[in-house]
Amino acid sequence: MFQPLADGASNPSLHENCKMVILPNQMPEDSSLSSLESLSQENEDDSSQFISSSPIPKAFQNEKFIKIKRFPETLSSSSFDSRISLYWLGLQSFEHVSTDLHEVKNVLFLQVLRILLNEWSRNEIVDDAFYSSVLAMQERELKKPTLKLSNSERLEEPNSPYCTLEEIERNEKDKLEYGIQMRMNFNKQVEGLCQHLQSKPTLPHDLVGEMTKKLIENLVLVENLLTESQSSDMMNVQEKLVWWECISATLESKPLLLKQEAVCRLKFTAKVLEQLTSDGKLTFQEMEKILSDLQKMFQDEIQQYTDECNRQTKDLVNDMIRKFDTRRKNLHKIQAKERRHFQDSVQQAVDPMEFVKAYHDLLVKQKKEGSDLEDQQDVRIAEAVCELWKRLHSSSSQKMVNTVQELFLGALPSQTQLPQDKCELLRQEANRDLSLRLQTEEANAKHHLELFKDHLERQKQIWREEEALTKSILKHLTEQQQKLFQGTIVRQRDLLDGTGKLTHMKHSLLLQAINRQFSARQFSLGALKEMRLSRVKSLVNETRQERTKLVKDITAIPTYLPLLQESSLSEVERRLTQDSQMIGVEFQQEFLSELSGATELLQEHAAMVIGRALAQKARQQAAKANREGNESIKHHLKESATESVCVTRESVSKLIENHYTHIQSITQAFEQDQHHRLQNIGGEFIFVRPIPNVAGSSLI
């Protein structure tokens with residue numbers, strides 16, 4: 001029994017809603033027409049079921065799809081699988097970018113701290129032991145979130161080859177919460193470092209305050225540079241997604257063209273056979289048998305073409321990726337060595353801001369080198385795959401040409417008893433009609449591809465508008481937070497000096513980091529929205545292809561079919577608009593709810609840094625009061641000590657009287673001794689002047 005060609009149910013790689021064109025000379029009672037109408041009705045029923053369903057059916061959210069590792073791998077997937085895998089890979093690419101930016105932030109934090117400590121070390125303010133202990137403590141603190149991240153990843157089963165949309169949405173939400181936590185922890189670490197330095201009695205308070213100010217200023221600069229890098233990275237990932245989606249659409253048009261060629265060959269062959277049947281050269285059963293066999297051959301050829309395209313594409317892509325990985329690894333080694341050499345020069349760096357800017361410029365240069373290398377490889381792979389599909393298309397098309405030629409020059413002459421020359425003329429006539437028809441089909445495919453590119457451009461514009469809306473929301477949040485914080489600072493008289501400005505910078509540092517995190521969240525929500533819409537967008541794309549073919553060849557089909565196609569297209573486009581708006585509102589509400597939670601964390605942080613600043617100010621004032629009190633006590637002690645060593649008139653007179661009394665006793669003993677000696681030698685008399693009595697004398 002003659003059946004319509006390739007209804008798509010057995011070939012999911014082809015568009016499921018592609019329908020055969022009804023032959024204009026077939027009557028309603030014709031068996032082939034009834035089959036076509038049955039197929040058309042079946043497809044319309046399937047479409048209406050999907051259109052009338054909810055925008056995000058639970059079954060779709062739990063439907064598993066393959067996780068791919070490289071963008072070129074999407075070229076061997078079906079339309080829906082290719083698109084949803086493509087945007088999942090976009091999320092993974094952006095996650096890698098975010099991880100790299102976080103590592104850059106940690107590196108620059110340590111390098112800036114090292115530069116500032118080097119200055120203290122050169123001025124002999126700190127010794128080597130203190131220098132090393134501070135850096136080691138900060139490095140240990142920075143490693144803590146990494147351990148927690150690995151635990152989170154193990155819970156998500158990263159080694160599984162499949163995932164669902166529900167899992168991805170939950171995982172992206174977890175990433176947001178974890179990212180906010182990391183930024184809060186980083187600011188707490190910076191605040192802890194400042195408190196640690198301020199608690200050291202050997203470090204002058206003014207030097208610690210100046211160092212803290214320089215550290216925060218440089219971290220604010222780092223956050224600004226990272227924000228610029230993230231915006232650039234988001235745009236690059238979006239451009240890559242659109243580019244690969246366009247390449248996938250170009251390749252998907254190849255099997256559709258081959259299928260349409262088979263339909264046209266079958267159509268014009270059937271036209272010739274019907275003429276022979278009406279002339280009595282063939283019976284109806286013979287005609288039906290020939291068409292059924294021919295259709296089966298075409299179906300097998302299309303299936304073989306699709307299988308070969310997928311198989312050879314995978315082999316080709318894997319082979320080219322292996323070669324590219326070698327070049328990429330070599331580049332990464334060179335770049336890592338270059339970064340290490342630059343980081344080693346930190347010992348000679350004096351200005352941390354110059355170091356930060358220079359290191360950022362180095363990273364921008366290296367990122368461009370890697371991006372250029374990857375873009376070149378992507379273009380080579382895309383060109384090679386397109387050339388492969390084109391070559392396989394030509395081969396399959398030639399096989400169908402040979403099959404039809406064998407029919408006209410082999411089977412028909414024996415069955416119809418017509419001369420071979422007559423059959424060749426019939427074949428040439430069919431080929432002329434077929435050639436014109438294939439030119440029209442190629443023009444239709446190009447026109448549809450242009451429409452698809454326009455759709456991608458509109459999609460990019462929507463992404464830009466959503467990104468601008470997010471920036472406006474975050475700008476409003478920033479202004480509100482800055483106003484509230486500044487108002488609190490003004491009411492605190494103790495913070496009107498440099499301490500208040502430093503406290504404001506600390507809060508601004510966290511505010512910028514939170515804004516950057518929510519900019520990333522906006523990107524992930526945009527990708528999730530496209531993943532949710534993948535099923536209905538695939539249906540819209542298929543319906544547009546059908547409508548394009550019908551509009552281009554309006555005279556070759558019944559008048560009611562364009563109306564049906566127009567109605568079907570309007571319905572799926574209306575549903576796409578409705579679903580897009582519903583998902584957009586849902587994600588916007590989720591975004592604002594998450595932002596509200598982050599605002600509470602910001603307010604807690606503001607209270608914390610202001611409270612610590614006030615406490616530090618109070619400690620400084622108490623220490624100053626203690627120093628002033630100590631000076632008063634010292635003065636009193638000095639006076640007491642001075643009074644304790646001063647002599648009086650009476651004490652000095654007593655001291656002299658005792659001294660001369662002791663001398664008088666010694667003199668008297670000496671005189672007696674001399675008297676005895678003189679008596680012994682002849683009675684010689686020696687006169688000695690008596691010592692006056694000083695008792696009661698006034699010498700002072």
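Here the structure is a predicted model, which is why all the values come from computation and not from measurement.

**Student:** If you had to explain the overall build of the protein to someone new, which residues and values would you point to?
**Tutor:** A count of helices and strands for the protein gives 13 helices and two strands. By residue count, 44% of the 700 residues in the protein fall in the buried class. Within the protein, counting contacts between residues at least 6 apart in sequence, those at least 24 apart form 86% of the total. As displayed, the protein offers around 37,500 Å² of accessible surface, 54% of which is attributable to carbon and sulfur atoms.

**Student:** Could you give an account of the packing of helix H8 (residues 352-416) against helix H9 (residues 420-490), naming the residues involved and the relevant values?
**Tutor:** As a packed pair, H8 and H9 sit with axes 9 Å apart at the nearest point and diverge in direction by 145°. Helix-helix and strand crossings are classified by hand; for H8 and H9 the assignment is right-handed. Here H8 contributes Gln 405, Phe 408, Leu 409, Leu 412 and Pro 413 to the contact with H9, which in turn contributes Gln 420, Cys 423, Glu 424, Leu 426 and Arg 427. Grouping the constituent residues of the contact of H8 with H9 by class yields six nonpolar, two polar and two charged.

**Student:** How would you explain the packing of aromatic side chains if you had to name every residue and give the values?
**Tutor:** A full pass over the atoms with the stated rule returns nine aromatic pairs. Taken together, a centroid distance of 4.9 Å and an interplanar angle of 85° make the contact between Trp 243 and Trp 244 edge-to-face. Judged by its relative accessible area of 33%, Trp 243 falls in the partly exposed class. Each ring, one from Trp 463 and one from Phe 523, has its centre 5.7 Å from the other, and the planes form 75°; the classification is edge-to-face. One end of the pair, Trp 463, is in helix H9; the other, Phe 523, is in helix H10 (residues 498-532), with 60 residues separating them in the sequence. By relative accessible area, which is 6% here, Trp 463 ends up buried. Taken together, the aromatic side chains of Tyr 87, Phe 94, Trp 463 and Phe 523 make up a single cluster linked through ring pairs. Here the basic side chain of Lys 105 rests over the ring of Phe 186, its NZ or CZ set 4.4 Å away from the ring centre.

**Student:** Can you lay out the packing of helix H5 (residues 165-198) against H10 for me, pointing to particular residues and giving the numbers?
**Tutor:** Where H5 meets H10, the axes come as close as 10 Å, and the angle between the chain directions of the two elements is 170°. One finds that H5 runs roughly antiparallel with respect to H10.

**Student:** Hey, could you go over the nonpolar core for me, with residue numbers and the actual values?
**Tutor:** Grouped together as the largest cluster of nonpolar side chains are 86 residues, with contacts concentrated most on Ile 168, Leu 273, Leu 276, Leu 412, Phe 518 and Met 531. Counting residues per element, this core draws most heavily on helix H6 (residues 205-278), which supplies 15 residues. Apart from the residues within four sequence positions on either side, Ile 168 is in contact with Phe 65, Trp 88, Leu 91, Cys 163, Leu 528 and Met 531. Leu 110, Leu 113, Val 126 and Val 208 belong to the second-largest nonpolar core, a separate cluster that totals 44 residues.

**Student:** Give a detailed account of unusual backbone geometry, specifying residues and quantitative values.
**Tutor:** Residue Glu 124 is not a glycine yet carries a positive backbone phi of 60°. Along the chain, Glu 124 falls in the loop between helix H3 (79-122) and helix H4 (128-155).

**Student:** Quick one: what's the story with the side chain of Asn 187, residue by residue and with numbers?
**Tutor:** Of note, Asn 187 is situated in helix H5. Not counting residues within four places of it along the chain, the set of residues in contact with Asn 187 comprises Lys 506, Leu 509, Leu 510 and His 605.

**Student:** Describe in detail the pattern of salt bridges, supporting the description with residues and values.
**Tutor:** All chains considered together, the criterion is met by 41 salt bridges. Glu 338 is the partner of Lys 365 in a salt bridge, and the nearest nitrogen-oxygen pair spans 3.5 Å. Residue Lys 365 is found in helix H8, and its partner Glu 338 is found in helix H7 (residues 284-344); the two are separated by 27 residues along the sequence. We classify Lys 365 as partly exposed; its relative accessible area is 36%. Residue classification places Glu 338 among the partly exposed positions, given a relative accessible area of 29%. Of the charged contacts in the structure, one is a salt bridge between Arg 437 and Glu 441, with a shortest N-O distance of 3.2 Å. Of this pair, Arg 437 and Glu 441 both sit in helix H9, four residues apart, which is roughly one turn of the helix. When sorted by exposure, Arg 437 lands in the same class as Glu 441, which is buried.

**Student:** An account of the side chain of Lys 460 is requested, with residue identities and associated values reported.
**Tutor:** Positionally, Lys 460 belongs in helix H9. According to the relative accessible area criterion, Lys 460 is buried, its value standing at 16%. A polar side-chain atom of Lys 460 sits 3.3 Å from a polar atom in the side chain of Glu 239. Apart from the residues lying within four places of it in its own chain, the contact partners of Lys 460 are Glu 239 and Val 242.

**Student:** Report on the confidence of the model for the protein, specifying residues and quantitative values.
**Tutor:** Per-chain confidence: the protein averages 78 in pLDDT, with 74% of residues scoring 70 or above. Low pLDDT, under 50, characterises residues 146-155; the stretch is placed with five contacts to residues that sit more than four places away or in other chains. Between residues 550-565, whose pLDDT stays under 50, and residues either more than four places distant or in other chains, the model counts 24 contacts.

**Student:** How would you sum up H10? Please name residues and give values.
**Tutor:** Here H10 is 35 residues long and its end C-alpha atoms lie 51 Å apart, about the 51 Å a rise of 1.5 Å per residue gives. Taken across its 35 residues, H10 has 32 buried, putting it largely inside the fold.

**Student:** How would you sum up the environment of Phe 71? Please name residues and give values.
**Tutor:** Mapped onto the fold, Phe 71 is located in the loop between strand E1 (64-66) and H3. Classification of Phe 71 by relative accessible area gives buried; the value is 6%. Note: C-alpha distance between Phe 71 and Val 317 (246 residues apart in sequence) is 10.0 Å. Residues in contact with Phe 71, not counting those within four places in the same chain, are Leu 86, Leu 89, Gly 90, Ser 93, Lys 240, Leu 241 and Trp 244.

**Student:** Requested: an account of the environment of Leu 113, with residues and values cited.
**Tutor:** Within the secondary structure, Leu 113 is located in helix H3. Leu 113 sits in the buried class, given a relative accessible area of 0%. Considering only alpha carbons, one finds Leu 113 and Val 134, 21 residues apart in sequence, at a separation of 9.2 Å. Those residues in contact with Leu 113, other than ones at most four positions away along the chain, are Val 134, Leu 135, Gln 138, Leu 193 and Met 211.

Cut-offs used in this document
- Residues numbered from 1 in each chain as written.
- Predicted model: local features only at pLDDT ≥ 70, side-chain atom pairs only at ≥ 80, totals over all residues.
- Heavy atoms only, no water.
- Helix = DSSP H or I, 4+ residues; strand = E, 2+ residues; numbered from the N terminus.
- Buried < 20%, exposed > 50% of the residue type's maximum accessible area, 1.4 Å probe, protein only.
- Contact = heavy atoms within 4.5 Å.
- Areas by Shrake-Rupley, 256 points an atom, 1.4 Å probe, with all protein chains shown as cover.
- Axes fitted to C-alpha atoms, helices over the stretch in contact; angles between N-to-C directions.
- Left-handed = near helix turned anticlockwise from the far one by under 90°.
- Nonpolar A, V, L, I, M, F, W, Y, C, P; charged D, E, K, R; others polar.
- Phe/Tyr/Trp six-rings, centres within 6.5 Å; stacked < 30°, edge-to-face > 60°.
- Lys NZ or Arg CZ within 6 Å of the ring centre and 35° of its normal.
- Parallel < 35°, antiparallel > 145°, perpendicular 65-115°, else oblique.
- Core = buried A, V, L, I, M, F, W, Y, C linked by side-chain atoms within 4.5 Å.
- Salt bridge = Lys/Arg side-chain N within 4 Å of Asp/Glu carboxyl O.
- Polar contact = N/O pair within 3.5 Å; in protein donor to acceptor, adjacent residues only side chain to side chain.
- pLDDT = per-residue confidence, 0-100.
- Expected span 1.5 Å × (residues − 1).

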